[in-house]
Amino acid sequence: MTREQYILATQQNSLPRTDHPQFYPVGIYGWRKRCLYFFVLLLLVTMIVNLAMTIWILKVMNFTVDGMGNLRVTKNGIRLEGISEFLLPLYVKEIHSRKDSPLILQSDRNVTVNARNHMGQLTGQLTVGADAVEAQCKRFEVRASEGGRVLFSADEDEIVIGADRLKVTGTEGAVFGHSVETPHIRAEPSQDLKLESPTRSLVMEAPRGVQVNAAAGDLKATCRKELHLQSTEGEIFLNADTIRLGNLPVGSFSSSSSPSSSSSSPSSSAPRQTIYELCACPSGKLYLSPAGAGSTCQLSSNICLWS
């Protein structure tokens, strides 16, 4: 029973009866009804479009129960197949490649790998750029694949090369700005070993001696000014079949002790000699003197000054 019918029923005694009672429609009619149907139709179309787009996205992105596209979720982690691009930082514990393929990290500018401690502070960084490869850390090590032996290590105090052989293949050799400490320096077979200091002196020191050995070739020491062989507590021993000292000045011998005869030529004062004596001046310089009867390298002082 509607409200109008209830009011008519209660007012039957007071209102006069009419032959044709009036009825009022109940509900939504007119333009309101058309707007309601339009919105319902629009909502239905939107739902159908959303469902179609969802199905299309699932198909294009290759969503499956195991993952999405090249991404597969396994019990050991996440597996990516093919080329993957990350626009934001990636935080992972370990990155492994397949057993039959390498792991390639590629970037248009550079590739940077950072290591941080539990407080978020940077402890190590490796940057691979177009111009150089830079590593910033307290200690840098290169280890062998078998056994884990250290081949190269560097820190603030020293650089250690643990390989059995250090080979320098450059045409200019190896240049050291300061001292070098090594027990053995050896050239390649059938190659010459050359130790050179173009503008400074070359010093070789050892607490128990320095040994220079040329098993199948010559040993040559060349300098611009002076060559010093010094032994503080021992002796200098030259052992060879032939010892030659070239470019030594030759003195003259005379039997007379007068100053005039001492400065005469060898052809006028004495017969030509074929045997010479090796003499030394008080300054240490060596010279050759013709050997004569009772000669003890007696020579005028001008030879010592000239030699």
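What you are looking at is a predicted structure, and each value in this text was computed from that prediction instead of being measured. (Residues numbered from 1 in each chain as written. Predicted model: local features only at pLDDT ≥ 70, side-chain atom pairs only at ≥ 80, totals over all residues. Heavy atoms only, no water.)

So, on to the overall build of the protein. Looking only at helices and strands, the protein has five helices and 11 strands in total. Counting across all 307 residues of the protein, residues that qualify as buried make up 7%. Nonlocal contacts in the protein, meaning residues at least 24 apart in sequence, comprise 14% of its contacts between residues at least 6 apart. A total of about 29,600 Å² of accessible surface is found on the protein, and carbon and sulfur atoms cover 54% of it. (Helix = DSSP H or I, 4+ residues; strand = E, 2+ residues; numbered from the N terminus. Buried < 20%, exposed > 50% of the residue type's maximum accessible area, 1.4 Å probe, protein only. Contact = heavy atoms within 4.5 Å. Areas by Shrake-Rupley, 256 points an atom, 1.4 Å probe, with all protein chains shown as cover.)

It is worth spelling out the sheet that holds strand S7 (residues 140–143) at this point. Judged by pairing direction, the sheet is antiparallel, and its three strands sit side by side in the order S7-S8-S9 without closing on themselves. Taken across any chain shown, the strands that pair with only one partner, and hence form the sheet edges, are S7 and strand S9 (159–161). Pairs of neighbouring strands in the sheet enclose a mean axial angle of 10 degrees, with direction left out of account. The sheet contact formed by strand S8 (residues 150–154) and S9 spans three bridges and is antiparallel. Each residue of the ladder has a partner; that of phenylalanine 152, found in S9, is isoleucine 161. (Pairing = 2+ DSSP bridges. Axes fitted to C-alpha atoms, helices over the stretch in contact; angles between N-to-C directions.)

As a further point, take the packing of aromatic side chains. Scanning all chains against the criterion turns up two aromatic pairs. Ring centres 6.5 Å apart and planes at 65 degrees place the aromatic pair phenylalanine 140 and phenylalanine 152 in the edge-to-face group. Of the two residues, phenylalanine 140 is situated in strand S7 and phenylalanine 152 in strand S8; the sequence distance between them amounts to 12 residues. Looking at phenylalanine 140, the relative accessible area reads 35%, which means it is partly exposed. (Phe/Tyr/Trp six-rings, centres within 6.5 Å; stacked < 30°, edge-to-face > 60°.)

The subject of this paragraph is helix H2 (residues 31–60). A rise of 1.5 Å per residue sets the reference length of H2, with its 30 residues, at 44 Å; its end C-alpha atoms lie 43 Å apart and thus fit the reference within 8%. Immediately downstream of H2, the backbone of asparagine 62 shows phi near 55 degrees, a positive value. (Expected span 1.5 Å × (residues − 1).)

Here the focus is the confidence of the model for the protein. The share of residues in the protein with pLDDT of 70 or more is 78%, and the mean pLDDT across the chain is 76. In this model, residues 257–267 is a region of pLDDT below 50 whose contacts with residues beyond four sequence positions or in other chains number six contacts. (pLDDT = per-residue confidence, 0-100.)

The sheet built from three strands is open, its strands ordered S4-S5-S6 with antiparallel pairing. At either end of the open sheet lies a strand with only one pairing partner, and these are strand S4 (111–116) and strand S6 (133–136). On average, adjacent strands in this sheet sit at an angle of 10 degrees to one another, irrespective of strand direction. As paired elements, S4 and strand S5 (residues 122–128) share six bridges and run antiparallel to each other.

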